[in-house]
Amino acid sequence: MPEDSPDRSPAGDKLDDEDYPAYSMGRAAEILGVTQAFLRSLDAAKLLAPGRSEGGHRRYSRYQLRLAARARELIDQGTALESACRIIILEDQLAEAHRINAELERTHRPSTDGPSPAPG
């Protein structure tokens, strides 16, 4: 889509951006059904690093809301906060490794147009 297209706006780009810090702490807590203190504990545990508004208020992205929801799920199952954070970080790293692997497989797939290799 061209940059000057009427369907393309800076606001639209931000709405599609998983990492855009669109949610205030209060709204994030409401969406997740958690307390603001819970979100602060995830920040203190270094699972989340929320953006900050000009006034210094925490702002959360959709990606961060998914991480927080997963933390709540693990903690509700009896997992300690620090352990839950470590599990989530490892799950996230594994998902990224799978994404990179799939991309590499797509870009480095042998061509089927050329001659096939001689039997060995």
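Bear in mind the structure is a predicted one, so any value in this text is a computation, not a measurement.

> Explain unusual backbone geometry to me, please; I cannot follow it from the model alone.
Phi is mostly negative for residues that are not glycine, and the peptide bonds are mostly trans. The phi dihedral of Lys 46 is positive, around 70 degrees, even though this residue is not glycine. In this structure, Lys 46 sits in the loop between α3 (36–44) and β2 (51–52). We classify Lys 46 as exposed; its relative accessible area is 68%.

> How should I be thinking about the environment of Leu 67 in this particular structure?
Structurally, the position occupied by Leu 67 is in helix α4 (residues 62–76). Sequence separation of Leu 67 and Ile 89 is 22 residues, and the distance between their C-alpha atoms is 8.9 Å. Non-local contacts of Leu 67, meaning those with residues more than four positions away in its chain, are made with Leu 47, Leu 48 and Ile 88.

> I tried to follow the pattern of salt bridges on my own but got confused; where do I start?
Opposite charge on two side chains lets them pair, provided their charged atoms get close. For the structure on display, the rule yields nine salt bridges. Note that Glu 18 and Arg 62 form a salt bridge whose closest N and O atoms lie 2.5 Å from each other. A residue pair is termed long-range when its members are at least 10 positions apart, and Glu 18 in the loop between α1 (10–16) and β1 (23–24) and Arg 62 in helix α4 qualify at 44 residues. Note on Glu 18: relative accessible area 29%, which makes it partly exposed. The shortest N-O distance in the salt bridge between Asp 76 and Arg 72 comes to 3.0 Å. With Asp 76 and Arg 72 both in helix α4 and four residues apart, this pair spans about one turn of that helix. Here the residues in one salt-bridge network are Glu 18, Arg 62 and Arg 66, joined through shared partners.

Conventions and cut-offs
Residues numbered from 1 in each chain as written. Predicted model: local features only at pLDDT ≥ 70, side-chain atom pairs only at ≥ 80, totals over all residues. Heavy atoms only, no water. Helix = DSSP H or I, 4+ residues; strand = E, 2+ residues; numbered from the N terminus. Buried < 20%, exposed > 50% of the residue type's maximum accessible area, 1.4 Å probe, protein only. Contact = heavy atoms within 4.5 Å. Salt bridge = Lys/Arg side-chain N within 4 Å of Asp/Glu carboxyl O.

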